[in-house]
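Results of the structural survey
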Amino acid sequence: MTDNRPRHVLDGYKVLDFTQIVAGPTCTLMLAEMGADVIKVEMAPTGDPSRGAQVLINGRSGYFVQHNRGKKGLCVDLKTPEGLAIIKELIRQTDVLVENFAPGVIGRLGLDYDSVKMLNPKVVMCSISAFGQTGPLANEPGFDYLGAAYAGIVSMGGEPEGAPYVIMTAIGDVSTGAHAMGAICAALLYRERTGRGQYLDLSLLDTYFHYHEAGVETLSLSKGAIKPTRSGLHSWYAVPAGIFKAKDRYIIIIAPLEHQFAGLCRAMNRPELADDPRFKTNADRLINLTQLVATVEGWLDSMPSDDVSMAAMKEYRVPHAPVLSLEEAVKHPHLRERGTVRTVHDRILGDFDVPGFALRFSEFPQRLELDAPLLGEHNEEVLTNYLGYAPARVNALYEKGVIRKGLA
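The present account deals with the structure reproduced in this document. What you see is a predicted model, and the numbers here were worked out from it, not measured in a lab. (Residues numbered from 1 in each chain as written. Predicted model: local features only at pLDDT ≥ 70, side-chain atom pairs only at ≥ 80, totals over all residues. Heavy atoms only, no water.)

1. Topic: the overall build of the protein
For the protein, the helix and strand inventory stands at 17 helices and 13 strands. Seen along its three principal axes, the alpha-carbon backbone of the protein occupies a region of about 85 × 50 × 40 Å. Sorting the 408 residues of the protein into buried and exposed places 46% on the buried side. For the protein, the proportion of contacts with a sequence separation of at least 24, taken over those separated by at least 6, is 68%. Approximately 20900 Å² of the protein is accessible, and the part contributed by carbon and sulfur atoms is 57%. In the protein, the 42 positive side-chain charges and the 48 negative ones have mean positions that sit 3 Å from each other. (Helix = DSSP H or I, 4+ residues; strand = E, 2+ residues; numbered from the N terminus. Buried < 20%, exposed > 50% of the residue type's maximum accessible area, 1.4 Å probe, protein only. Contact = heavy atoms within 4.5 Å. Areas by Shrake-Rupley, 256 points an atom, 1.4 Å probe, with all protein chains shown as cover. Lys, Arg positive; Asp, Glu negative; His and termini not counted. Charge placed at Lys NZ, Arg CZ, Asp CG, Glu CD.)

2. Some details on the sheet that holds strand β9 (residues 241-245)
Ordered in space as β9-β10-β11, the 3 strands form an open sheet in which the pairing is antiparallel. Every other strand in the sheet has two partners, leaving β9 and β11 (320-322) as the edge strands with one partner each. For this sheet, the mean inter-axis angle between neighbouring strands, taken without regard to orientation, is 20°. Here β9 pairs with strand β10 (residues 250-254) via 5 bridges, running antiparallel. Bridging across to β10, G242 finds its partner in I253. Contacting β10 and β11, helix α13 (residues 306-315) crosses the sheet at an angle of about 10° to β10. (Pairing = 2+ DSSP bridges. Axes fitted to C-alpha atoms, helices over the stretch in contact; angles between N-to-C directions.)

3. As for the pairing of strand β5 (residues 71-76)
When you tally the buried positions in β5, you get 6 out of 6 residues, the bulk of the element. The alternating pattern of β5 places K71, G73 and C75 and K72, L74 and V76 on opposite faces, both of which are buried. By the bridge criterion, 6 bridges tie strand β2 (residues 37-43) to β5 in an arrangement that is parallel. Residue pairing in the sheet places E42 in a bridge with C75 of β5.

4. Quick notes on the environment of M30
Mapped onto the elements of the fold, M30 is located in helix α1 (residues 23-33). The exposure class of M30 is buried, given its relative accessible area of 12%. Setting aside anything within four residues of it in sequence, one finds M30 in contact with A178, M181, F357 and L359.

5. Considering the nonpolar core
Judged by nonpolar contacts, the single largest core of 30 residues is most densely connected at L16, F18, L74, V76, I86, I87 and L90. Those elements that place two or more of their residues in this core are β1 (14-18), β2, β5, α3 (81-91), α5 (113-119), α16 (379-386) and α17 (391-400). Sorting elements by how many residues they give to this core places α3 first, with 5 residues. With residues near it in sequence (within four places) discarded, V76 still touches V41, E42, M43, A44, G83, I86, I87, V402 and I403. (Core = buried A, V, L, I, M, F, W, Y, C linked by side-chain atoms within 4.5 Å.)

Structure (structure tokens):
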């Protein structure tokens, strides 16, 4: 009996992927993880710039593989009439088009939304950029940390009298890609109901600004009297909530609610501190933060080990966590058991760890096994199976340099 069950929730949807580096590829990787058929279009002759990034083994980039698993590779010169014709034919039968060029670039290629919509009125087209397709900053060059800077996020990190700093991970890129994935799925649901496609404009800056969970309304409602800014190792409005120096490492403790702070006091064998006038309310603790930090860190340092102090906090359900290094995190049994850290296999790189897929579906508990394409690896498959090109026509395109291939 033939098994007609879908591979995953997006099985059968076709995605044309013009993205590169991280933000856009994160979006299309998530779509591929959910079973969508993703064709990664790379510009001839060299393709996605991330193919040359980070650790290279036999010319193969782990950076590229991590962000582009599960995609078919089509390498084409879009500046040729034949190359552009290939893409337009593919657009006619695709569900989603994703791009993260600088604003205006896709239009100069003749693939702006108005042109794409003429080819396929049902297509969902998503543009991902640093600052958005409109507004005074739209045409400025942009990267992750620049969006964080304009969003006021960078200003929140660092010591009060010191320089601000950024976290050296692609928080904005990955989050924007995830936002784009969600928007695409919602647009596809809308299309199922109405038959209409639409255009989506996602930006790093918009995504980053959402990270202000308390600062924006506080600044607004206080009429500027309260100006949230960087406050070092501890929260500017909730206490205790920050990083404490323990015996051998740093530990984050977040216990600003009254029952949580009372639990921390019991864990320290100092239950009376919960009623101490200096610490009785969050407002009191904020005023006396320096004394409270000294008290907690004195207790942590007095304990036989950090494991013992964390066990005491666990007993009283005090929210806390050790600050793990990346090396410690990838070995943590919880992250391993849930597949948060996932070991994948690449034909050139072998086995290595990558971040796992964060979305979990009860109908599809098993993760899909996905491969990243070599440059132009699926040229023939895409042109023959999708567009019906004869082998001789494909060979002619190779001879003219319209399509290319690479070894990694």
